[in-house]
Amino acid sequence: MSTYKLGLDYALEQDKNDDLVAYRDQFHIPRDANGKPLIYMTGNSLGLQPKHTKSYVNQELEDWANLGVEGHFEAKNPWLPYHEFLTNTMAKVVGAKPIEVVVMNTLTTNLHFLMVSFYKPTKQRYKILIESDAFPSDKYAVESQLRHHGFDHKDGLVLWKPRAGEDLLNYKDLEGILEEQGDEIALIMVGGVNYYTGQYLNLHKITQLGHKHGCVVGFDCAHGAGNVALNLHDSGADFAAWCTYKYLNSGPGSLAGIFVHEKHAYKKDLNRFTGWWSHNKKTRFNMRHEFDQLPGAEGWQLSNPPILSMAAIKASLDIFNDVGMEKLIKKSKRLTGYFEFLLKKLGENTIRIITPSDPNERGCQLSIQVLNANKALHDKLSKAGVISDWREPDVIRCAPVPLYNSYKDVYMLVEKLKSILSE
Ligand SMILES: *Cc1c(COP(=O)(O)O)cnc(C)c1O
């Protein structure tokens, strides 16, 4: 169904007809020493800075300078309810209801706090299932949860692995694991989009399978948020968490989001760690009240949040609100399809794309195995002005981000790759 064509003219024409072309100008594109824009393909690792982020952050610095503590109420965007300004758009981005979403803490921290509530092991049912190629932080986090509850982290960890000689996860294998030891698994926690292969898993299917066997199901959506239509509410998942510095362009180490399904919103008896920000907003400052749990995802907050980071998230989410996920995903599929089309022309003896070929099973990232390559290839690409991500032994991950990457970026990237490979 390829409607793509070769040649630079075609790429330039696509950029001209691109609905989202104006958004590229809203971002700072990193440049080389001569001031020439680099081909930035690592928005899956650290998203680029929106040009208006500085003014959002400056607003808070100014209000702090001028108002001091009164800024909690008097700032242009009062700090007390600041997280609420992010909730509606964030909920739209991940396909959730506002009561199910809040921005707080950082990602791994949130995974732990959510496991406090959703990993409740018993002697019979204590194992945690993750994907074999989980992001290291997630693996360390679940291992430490197992140890925290007195279990052996090797015995307690169940790995969903790709079949021998394959890269992608197969749902039949998950079914097999669950048939065999589903009654021992307390929690399934996998990456919604795998950081390495770019495989976008079917959250609804995994949740249904897990629930059928009595497991709690949560997702790490670090590589999904702002990249694919997660539809978290409809997936039925119990919980999810994601960072905002990858596709959500909110700056290095910025805060993270959580999702807790509406069905858990009013369960005051659900175990959790709490702080004053989990307490009823109306009586929070009376200070001497008995603890009164806030309903919904907000009830998982502990601290008053860092407003400067929140401001950067607001700057980014205002762009997402303006574009809408639908248009974003439409361009994403087309741009990544074009990337795939050009890569395939390099030939099967040169490259192999690990990422699923079905556009519904991936986001914008393609993970490319370059046959007989080593890290020298990555260094040459960097010298040629391409910022990409190298994974040993021979995989480059590139994510043409629909908000700021162009068809020309993708065309030039493949041209550079081709010329380096033919040296
Ligand atoms: C990026 C990423 C992380 C990083 O965690 P932090 O707590 O933000 O440092 C964790 N898990 C996954 C799956 C990621 O993609």
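Our subject in this report is the structure included herewith. All of these numbers come straight from a predicted model, not from anything done at the bench.

**Here's the deal with empty space enclosed by the protein**
The method is simple in principle: a probe with the dimensions of a water molecule rolls over the atoms, and the space it marks as empty is what remains.
Working step 1: The full count for this structure, using the stated rule, is two cavities of 30 Å³ or more.
Working step 2: Counted as a void, the largest cavity has a volume near 40 Å³.
Working step 3: Along the walls of the largest cavity sit Asp15, Asp18, Leu20, Val21, Arg24, Lys331, Pro402, Leu403, Tyr404, Asn405 and Ser406, which together make up its complete lining.
Working step 4: Of the pockets and cavities examined, the second largest cavity occupies roughly 30 Å³.
Working step 5: If you trace the second largest cavity, you find it lined by Gly226, Tyr247, Phe320, Leu328, Val401, Pro402 and Leu403.
Working step 6: The class makeup of the residues in the lining of the second largest cavity is six nonpolar, one polar and no charged.

**Digging into helix H12 (residues 375–383)**
Working step 1: All of the buried residues along H12 are Leu377, His378 and Leu381. Each buried residue of H12 lies within a common arc of 100° when the element is viewed along its axis, so the set occupies one face.
Working step 2: Immediately downstream of H12, the backbone of Gly385 shows phi near 90°, a positive value.

**A short note on the sheet that holds strand S7 (residues 239–243)**
Working step 1: Taken together, the seven strands give an open sheet; going across it, the order is S2-S8-S7-S6-S5-S3-S4, and neighbouring strands pair in mixed fashion. Looking along the sheet, the strands with just one partner apiece sit at the ends: strand S2 (101–104) and strand S4 (157–160). Strand after strand, the sheet turns through a mean of 20° between neighbouring axes, direction not considered.
Working step 2: Bridging between strand S5 (residues 185–191) and strand S6 (residues 216–220) involves five bridges; their strand directions are parallel. The residue bridging Ile188 from the neighbouring strand is Val217, located in S6.
Working step 3: Contacts from helix H4 (residues 84–94) reach S2 and S7 within the one sheet, and its direction differs from that of S2 by about 115°.
Working step 4: Contacting strand S3 (127–131), S4, S5 and S6, helix H6 (residues 136–148) runs over the sheet at an angle of about 175° to S3.

**Side note on the side chain of Glu131**
Working step 1: Position of Glu131 relative to the elements: it lies in strand S3.
Working step 2: Nearest to the buried, unbridged Glu131 among oppositely charged side chains is Lys139, at 11 Å.

**Regarding the site of the ligand**
Working step 1: In the vicinity of the ligand, the contacting residues are Leu107, Thr108, Phe135, Asp138, Asp220, Ala222, His223, Tyr245 and Lys246.
Working step 2: Between the ligand and Asp220 there is a distance of 3.1 Å, counted from a nitrogen atom to a side-chain nitrogen or oxygen.
Working step 3: When the ligand is considered free in solution it has 390 Å² of accessible area, and contact with the protein chains removes 83% of it.
Working step 4: Along the lines of polarity and charge, the residues of the shell around the ligand split into four nonpolar, two polar and three charged.

**Here we look at the sheet that holds strand S12 (residues 389–391)**
Working step 1: With antiparallel pairing, four strands are arranged side by side in an open sheet as S9-S10-S13-S12. Whereas interior strands pair on both sides, the edge strands pair on one side only; in this sheet they are strand S9 (351–353) and S12. When the angles between neighbouring strand axes are averaged without regard to direction, this sheet yields 30°.
Working step 2: Each of S9, strand S10 (366–370) and strand S13 (395–398) is contacted by helix H11 (residues 325–344), which is oriented at about 10° to S10, the strand it contacts most.

**Structural notes on the pattern of salt bridges**
Working step 1: Under the counting rule described, the total for this entry stands at 19 salt bridges.
Working step 2: For Lys331, the salt bridge is made with Asp18, and the minimal N-O distance between the two is 2.7 Å. Residue Lys331 is found in helix H11, and its partner Asp18 is found in the loop between helix H1 (8–16) and strand S1 (39–40); the two are separated by 313 residues along the sequence. Residues Lys331 and Asp18 agree in their burial class; the two are buried.
Working step 3: Each of Glu84, Lys281 and Glu298 takes part in salt bridges that share partners, so that together they form one network.

**As for a nonpolar patch on the surface**
Working step 1: On the surface, Leu61, Trp64 and Leu308 cluster together to form a nonpolar patch covering roughly 300 Å² of accessible area.
Working step 2: Mapped onto the secondary structure, Trp64 falls in helix H2 (residues 53–67).
Working step 3: Residue Trp64 is classed as exposed on the basis of its relative accessible area of 55%.

**Considering the pairing of S10**
Working step 1: The buried count for S10 comes to five of five residues, which makes it a mostly enclosed element.
Working step 2: Side-chain alternation along S10 places Leu366, Ile368 and Val370 on one buried face and Ser367 and Gln369 on a second face that is also buried.
Working step 3: For S9 and S10, the ladder comprises three bridges, and the chain directions are antiparallel. What sits directly across from Ile351, in S10, is Val370.
Working step 4: Across four bridges, the pairing between S10 and S13 is antiparallel. Paired with Gln369 across the two strands is Val395, which belongs to S13.

Cut-off values and rules
Residues numbered from 1 in each chain as written. Predicted model: local features only at pLDDT ≥ 70, side-chain atom pairs only at ≥ 80, totals over all residues. Heavy atoms only, no water. 1 Å grid on protein atoms, 1.4 Å probe; cavity = no way out; pocket = protein on both sides within 12 Å on 5 of 7 lines; lining within 4 Å. Points joined across faces, edges and corners; volume = space filled by probe spheres on them. Nonpolar A, V, L, I, M, F, W, Y, C, P; charged D, E, K, R; others polar. Buried < 20%, exposed > 50% of the residue type's maximum accessible area, 1.4 Å probe, protein only. Helix = DSSP H or I, 4+ residues; strand = E, 2+ residues; numbered from the N terminus. Arc of directions from axis to C-beta. Pairing = 2+ DSSP bridges. Axes fitted to C-alpha atoms, helices over the stretch in contact; angles between N-to-C directions. Contact = heavy atoms within 4.5 Å. Lys, Arg positive; Asp, Glu negative; His and termini not counted. Salt bridge = Lys/Arg side-chain N within 4 Å of Asp/Glu carboxyl O. Near = heavy atom within 4 Å. Polar contact = N/O pair within 3.5 Å; in protein donor to acceptor, adjacent residues only side chain to side chain. Areas by Shrake-Rupley, 256 points an atom, 1.4 Å probe, with all protein chains shown as cover. Patch = residues over 30% accessible without salt bridge, like charges linked within 9 Å, V, L, I, M, F, W, Y side chains within 5 Å.

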